[in-house]
Amino acid sequence: MLTKVKVNWKEDAVSHFMTELIDYAGLFPPAALPLKEAILNYHSYFQEEDSWMLGPFVIPASRLRELEPFRDLFHEQLPLRLSIILSKSDELRTDLDAIQHFTEIYQTAGLIEGIEVPPSYQLNSGIFDKLDQFISGYRIYSEIAGTKEQLDSSLERIQMLNQDSARSVGVKFRMGGITANLFPSTKTAAYIIHECKRLGLSLKFTAGLHHPIRQYRQEVETFMHGFVNVFTASIMTYSLTITEETIEAILLDENPDHFTFSTNALSWRNLTVTSKEINTARNVFALSYGSCSFDEPREDLGELALFQKELVR
């Protein structure tokens, strides 16, 4: 495994890049694990040296009650951190009941960090008031999908909602799935990254980002986006003045030698961002991504030479 301990990462650029990058979504395809196996995996990951790369456990609101038997695995110093995916808009009352039940059972042993809403959800500021009855300090992400016109409409709706509410809503964008048609083009992905920066919207990704660098994968018969590509493009979009064409070029790059982490910077070709810029962008813009595997991304990452330069003290 690639660990912070083994290579003495402290305030290195790669550390800022990877901190809490991966939200664990083991319940979802292609892994689609039983809840018991997924939650035990998540619990075990927190005992490992790479736990600092791990974000919340992603779970549908409809399955929250299934977490009750695992209450004793967690405690205030090691809480079960959740990002909850809501059901349909007309099932909000049921979802709220499930959230309330979870908070009552887990108390300080559970922490709800994110609320994710599906593309068809009729999101409005009144929902925040209802959620605030049970949780605090959480982020909200609205998944967007569809044609360019539909994406534009969704982005405009989210921006308007943010203008009318003290709580801001971020964007959730799907980068793949179990079939080729679920992977957005690099042009579409570049457009979303560029528009979210222009509109002041935070961004998280989900699905398809199992590997660090873009590559063709036979199991889905298409190119899979690389999470190093996606987050390098997003961080540089936030920190530098780059065009959609440059964003797409970063997303398209299949050569790991073009991505270099030194102690204090990340470079792609002739573009560079500092550790401080990476940290800022990760905290306010390019937040995280959901993955059904925590092992695969970090194992692949550890095999890349771009992360070995200047890391041995």
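Throughout what follows, the structure given in this document is the object of discussion. Computed from a predicted structure; not experimentally measured.

The next thing to look at is the environment of D132. Residue placement: D132 occurs in the loop between α4 (125-131) and β5 (139-144). Using a relative accessible area of 38% as the deciding quantity, one classes D132 as partly exposed. In this view, D132 contacts Y138 and R167; residues no more than four positions away in its chain are not counted. A distance of 3.3 Å separates a polar atom in the side chain of D132 from a polar atom in the side chain of R167.

All buried positions along helix α2 (residues 35-45) are accounted for by L35, A38, I39, Y42, H43 and Y45. For α2, the angular spread of the buried residues around the axis is 165 degrees, confining them to a single face. Along its buried surface, α2 packs onto β1 (22-24), β2 (54-60), β3 (80-85) and α10 (295-302).

The biggest cluster of nonpolar side chains holds 95 residues, and the ones touching the most others in it are F17, F57, L67, L80, I99, I115 and F205. The residues contacting I99, other than those within four sequence positions of it, are L64, I84, L86, I112, I115, L131, F134 and I135.

Here we come to the pattern of salt bridges. Under the definition given, this model contains 16 salt bridges. Where R174 meets E143, a salt bridge forms, and the shortest distance between an N and an O atom there is 3.0 Å. Linking R174 in strand β6 (residues 169-174) with E143 in strand β5, this pair joins segments that are 31 residues apart in sequence.

Below, the discussion takes up the pairing of strand β13 (residues 286-291). Of all 6 residues in β13, 6 are buried; the element is thus mostly enclosed. Examined bridge by bridge, β1 and β13 share 3 bridges and lie parallel to one another. Bridge assignment links D23 to a residue of β13, and that residue is G290. When strand β7 (residues 203-206) meets β13, the two strands line up parallel, connected through 3 bridges. Note on β13: the bridge partner recorded for T206 is G290.

Counting buried residues along β5, 5 of its 6 residues qualify, which places the element largely inside the surrounding structure. For the handedness criterion, the β-α-β arrangement of strand β4 (residues 110-117), α4 and β5 is classed as right-handed. Both β5 and β6 contribute to a ladder of 5 bridges, which runs parallel. What sits directly across from I140, in β6, is V169.

If you walk around this closed barrel you meet the 8 strands as β1-β2-β3-β4-β5-β6-β7-β13, and the pairing is parallel. When strand polarity is set aside, the average angle formed by the axes of neighbouring strands in this sheet is 30 degrees. Taken together, the 4 bridges between β2 and β3 define a ladder with parallel strand orientation. Looking at the pairing, I59 lines up with I84 of β3. Where α2 meets the sheet, it contacts β1, β2 and β3, and its direction lies at approximately 165 degrees from that of β2. In this fold helix α5 (residues 148-163) packs onto β5 and β6, with an angle of close to 160 degrees to the strand it touches most, β6.

Across all of its chains, the model carries 15 aromatic pairs by this definition. Relative to Y106, the ring of F74 lies with its centre 6.5 Å away and its plane at 45 degrees, an arrangement referred to as tilted. One end of the pair, F74, is in the loop between β2 and β3; the other, Y106, is in helix α3 (residues 92-106), with 32 residues separating them in the sequence. Given the relative accessible area of 1%, Y106 is considered buried. Three or more aromatic residues link up through ring pairs in this structure, and these residues are F17, F205, F227, F231, F261 and Y289. Positioned above the aromatic ring of Y138, the side-chain terminus of R167 is 3.9 Å from the ring centre.

To continue, consider the layout of surface pockets. The volume enclosed by the largest pocket comes to roughly 480 Å³. Lining the largest pocket are 28 residues, and of these F28, P29, P30, R174 and A207 lie nearest its centre. At the level of elements, β6, β7 and β13 are the ones that each hand at least two residues to the lining of the largest pocket. When the residues that make up the lining of the largest pocket are grouped by side-chain class, the tally is 13 nonpolar, 8 polar and 7 charged. Of the voids in this model, the second largest pocket is the one considered here, and its volume is about 380 Å³. Lining the second largest pocket we find 19 residues, and of these E20, R139, R282, L287 and S288 sit closest to its centre. Of all elements in the fold, only β2, β3, β4, β5, α9 (275-284) and β13 reach the threshold of two or more residues within the lining of the second largest pocket. With 3 residues, the top contributor of residues to the lining of the second largest pocket is α9.

Conventions we followed
Residues numbered from 1 in each chain as written. Predicted model: local features only at pLDDT ≥ 70, side-chain atom pairs only at ≥ 80, totals over all residues. Heavy atoms only, no water. Helix = DSSP H or I, 4+ residues; strand = E, 2+ residues; numbered from the N terminus. Buried < 20%, exposed > 50% of the residue type's maximum accessible area, 1.4 Å probe, protein only. Contact = heavy atoms within 4.5 Å. Polar contact = N/O pair within 3.5 Å; in protein donor to acceptor, adjacent residues only side chain to side chain. Arc of directions from axis to C-beta. Core = buried A, V, L, I, M, F, W, Y, C linked by side-chain atoms within 4.5 Å. Salt bridge = Lys/Arg side-chain N within 4 Å of Asp/Glu carboxyl O. Pairing = 2+ DSSP bridges. Right-handed = clockwise from strand over helix to strand, strands pointing away. Axes fitted to C-alpha atoms, helices over the stretch in contact; angles between N-to-C directions. Phe/Tyr/Trp six-rings, centres within 6.5 Å; stacked < 30°, edge-to-face > 60°. Lys NZ or Arg CZ within 6 Å of the ring centre and 35° of its normal. 1 Å grid on protein atoms, 1.4 Å probe; cavity = no way out; pocket = protein on both sides within 12 Å on 5 of 7 lines; lining within 4 Å. Points joined across faces, edges and corners; volume = space filled by probe spheres on them. Nonpolar A, V, L, I, M, F, W, Y, C, P; charged D, E, K, R; others polar.

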